[in-house]
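What follows is each chain in one-letter form.
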Amino acid sequence: MTTFFVPGAADAGLPDAGLPDANEAAYRRLAGLAGAVPAAPGRRIRRVAFKVGRESWTAEVGRKMAGTRPEHRRRRGEFTTTTERLSGHATVLAIFEGTPFVIVTDEEQAASALPASESSPSTNPILVDKPSRIAHFAD
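The residue numbering used here restarts from 1 in each chain and proceeds along that chain's sequence as written. In keeping with the predicted nature of the model, local features appear solely for residues at pLDDT of at least 70, side-chain atom pairs appear and are counted solely at 80 or more, and the whole-chain, interface and lining totals rest on all residues. The side-chain figures draw on all heavy atoms in the structure; neither hydrogens nor water molecules are used.

## Topic: the environment of T58
Structurally, T58 can be placed in strand 2 (residues 55-60). We call two residues in contact when some of their heavy atoms are within 4.5 Å. Ignoring any residue separated from it by four or fewer positions in sequence, one finds T58 in contact with R47, V48, A49, M65 and A66. Starting at the N terminus, helices and strands are each numbered in turn, a helix being any DSSP run of H or I of at least four residues and a strand any DSSP run of E of at least two.

Next comes the structure, spelled out in structure tokens:
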């Protein structure tokens, strides 16, 4: 299992405000920006899988969002199904549990917490009502 981290936290130059390390400071700051409650060690989410319409998405801290969408086609009287791969442009920085779950990426809104990177047209933070799978960090 992966140990808890926040992508870019070590490079952000954040004052730790009495917290043990830059990951903790960045995590709490992202929670504040997203209006979410920071989880206790051992309860921090590393990855969630969820559906948006016909699309299935996975958000994992430190990676760009990835998904799939089934494509149904009719050709010569036969139906075929293929899977189209989808990808996001933003890297996931943190995932917070709640109703809804909150996924914070390195989009423009999060830039004040960590160094800026490529932007994508997705919304930040991303709200997920019912994840189908959840994986936690090994704190």
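## A word on helix 1 (residues 22-34)
Between the first and last residue of a helix there are one fewer steps than residues, each counted as 1.5 Å, and that sum is the expected span. Taking 1.5 Å per residue as the helical rise, helix 1 with its 13 residues ought to reach 18 Å, and the 18 Å between its terminal C-alpha atoms agrees with that figure. Contact partners of the buried residues in helix 1: strand 4 (78-96) and strand 5 (101-105). Where helix 1 begins, one side-chain oxygen reaches toward the backbone nitrogen of N23, 3.3 Å away; that side chain belongs to D21. Polar contact is the term for a pair of N or O atoms within 3.5 Å; when the atoms are in protein, one must be able to donate a hydrogen and the other to accept it, and sequence-neighboring residues count only if both atoms are side-chain atoms.

## Let's talk about the side chain of R44
Relative to the helices and strands, R44 resides in the loop between helix 1 and strand 1 (45-52). A polar side-chain atom of R44 sits 2.6 Å from a polar atom in the side chain of E24.

## Observations regarding the packing of aromatic side chains
Geometry of an aromatic ring pair is reported as the spacing of the ring centres plus the angle between the planes. Stacked, edge-to-face and tilted are the three classes for Phe, Tyr and Trp ring pairs, Trp counted by its six-membered ring, which pair at centre distances within 6.5 Å; planes under 30 degrees apart are stacked, over 60 edge-to-face, the rest tilted. Tallying each qualifying case throughout the model produces 4 aromatic pairs. Each ring, one from F4 and one from Y27, has its centre 5.1 Å from the other, and the planes form 85°; the classification is edge-to-face. Here F4 is found in the segment before helix 1, whereas its partner Y27 is found in helix 1, with 23 residues between them in sequence. You'll find F4 and Y27 in the same group, each marked buried. Centroid distance F4 to F137: 5.3 Å. Interplanar angle 85°. Geometry classified as edge-to-face. Here F4, found in the segment before helix 1, pairs with F137, found in the segment after strand 7 (133-136); they are 133 residues apart in sequence, far enough to count as distant. Neither residue differs from the other here; F4 and F137 are each classed as buried. Ring pairs connect the aromatic residues F4, F5, Y27, F96 and F137, which therefore count as one cluster. Lying across the ring of F4, R44 places its NZ or CZ 4.5 Å from the centre. Buried residues are those whose accessible area, probed at 1.4 Å on protein chains only, stays under 20% of the maximum for their type, while exposed residues exceed 50% and partly exposed ones sit between those limits. By definition, being over a ring means that NZ of Lys or CZ of Arg is both within 6 Å of the ring centre and within 35 degrees of the ring normal.

## Re the pattern of salt bridges
Criterion for a salt bridge: a side-chain nitrogen of Lys or Arg within 4 Å of a carboxyl oxygen of Asp or Glu. Scanning the entire structure with this criterion turns up 8 salt bridges. For E60, the salt bridge is made with R46, and the minimal N-O distance between the two is 3.0 Å. Of this pair, E60 sits in strand 2 while R46 sits in strand 1, and the two are 14 residues apart along the sequence. Judged by relative accessible area, E60 falls into the buried class, the value being 17%.

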